[in-house]
Amino acid sequence: LVAGDGVGSGLAHRRSFNRVAGRLLSLAWTADGSTIAAGSSRGAIHVFDCDSLTELARITVGAGDKPTESEERCVWALQYLPDGTLVSGSSDGDVTFWDAQHGTQLSSHRQHRADVLALAASPDGNVVFASGVDAQVAAFERVPPDERGLDRWTFTGTKRPHTHDVRALAMAAAPPSAGGGD
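Cut-offs used in this document
- Residues numbered from 1 in each chain as written.
- Predicted model: local features only at pLDDT ≥ 70, side-chain atom pairs only at ≥ 80, totals over all residues.
- Heavy atoms only, no water.
- pLDDT = per-residue confidence, 0-100.
- Helix = DSSP H or I, 4+ residues; strand = E, 2+ residues; numbered from the N terminus.
- Phe/Tyr/Trp six-rings, centres within 6.5 Å; stacked < 30°, edge-to-face > 60°.
- Buried < 20%, exposed > 50% of the residue type's maximum accessible area, 1.4 Å probe, protein only.
- Pairing = 2+ DSSP bridges.
- Axes fitted to C-alpha atoms, helices over the stretch in contact; angles between N-to-C directions.

1. Notes on the confidence of the model for the chain
Turning to step 1, where the next piece is worked out: When pLDDT is averaged across the chain, the result is 84; 86% of the residues are at 70 or more.
Turning to step 2, where the next piece is worked out: Within the chain, the lowest mean pLDDT, 48, falls on strand β1 (residues 2-3), and the highest, 97, falls on strand β7 (residues 75-80).

2. Some words on the packing of aromatic side chains
Turning to step 1, where the next piece is worked out: All chains considered together, the criterion is met by four aromatic pairs.
Turning to step 2, where the next piece is worked out: Consider the rings of Phe-97 and Phe-140, whose centres lie 6.0 Å apart with planes at 65 degrees: the pair is edge-to-face. Residue Phe-97 is found in strand β9 (residues 95-99), and its partner Phe-140 is found in strand β13 (residues 137-143); the two are separated by 43 residues along the sequence.
Turning to step 3, where the next piece is worked out: Measuring from centroid to centroid gives 4.2 Å for Phe-97 and Trp-153, while their planes differ by 10 degrees, and the two rings are stacked. Taken together, the positions of Phe-97 in strand β9 and Trp-153 in strand β14 (residues 152-159) put the pair 56 residues apart, joining distant regions of the chain. The pair Phe-97 / Trp-153 is uniform in exposure class, with both members buried.
Turning to step 4, where the next piece is worked out: Grouped by ring-pair contacts, the aromatic residues Phe-97, Phe-140, Trp-153 and Phe-155 constitute a single cluster.

3. Side note on the environment of Asn-18
Turning to step 1, where the next piece is worked out: Secondary-structure assignment places Asn-18 in the loop between β2 (11-12) and β3 (24-29).
Turning to step 2, where the next piece is worked out: Along the chain, Asn-18 and Leu-53 lie 35 residues apart, while their C-alpha atoms are 7.5 Å from each other.

4. Thoughts on the sheet that holds strand β8 (residues 86-90)
Turning to step 1, where the next piece is worked out: As summarised here, the arrangement of the four strands in space is β7-β8-β9-β10, forming an open sheet in which the pairing is antiparallel. With partners counted over all chains shown, the strands left at the sheet margins are β7 and β10 (104-109), one partner each. In this sheet, neighbouring strand axes are inclined to one another by 20 degrees on average, regardless of whether the strands run parallel or antiparallel.
Turning to step 2, where the next piece is worked out: Bridge analysis of β7 against β8 gives five bridges, and the strand direction is antiparallel. Looking at the pairing, Gln-79 lines up with Val-87 of β8.

In structure tokens form, the structure reads like this:
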């Protein structure tokens, strides 16, 4: 969609990405807006180049097993971190960290007992929070790279501040202090 020229209704369809199997359930943009990731109901993350509309990568979510035709493995939440790491939350209860450049898994954590519906990250991208159907908010923190130089993530804790699904999370930066030097 593009903004209208003031003459028409305001929005007009200009072009589309290629069709993918299943329903698209989640989207995440890179910070520079050049790439978009789309999570599907078929257990895949499709990564598209926004200029050429081509699919750059297709990442299979889960332990490599594909859901049957009657099952769905839903990618409910996606989040790009400032360094380009892609994080996904799925109906398996997994929070998975991906090297978005190569589509390879950095780490995966099954801390949730049900679908992960929302993700939020600290402004520096070193802490990620996940929530979902099991009413918990789980925290994950980046730890120093391993001997191969690969990023690693660890589960650091959980809270259950709700008695119901947590369907959205947001991260707000702390306002600058008025005193200037604190």
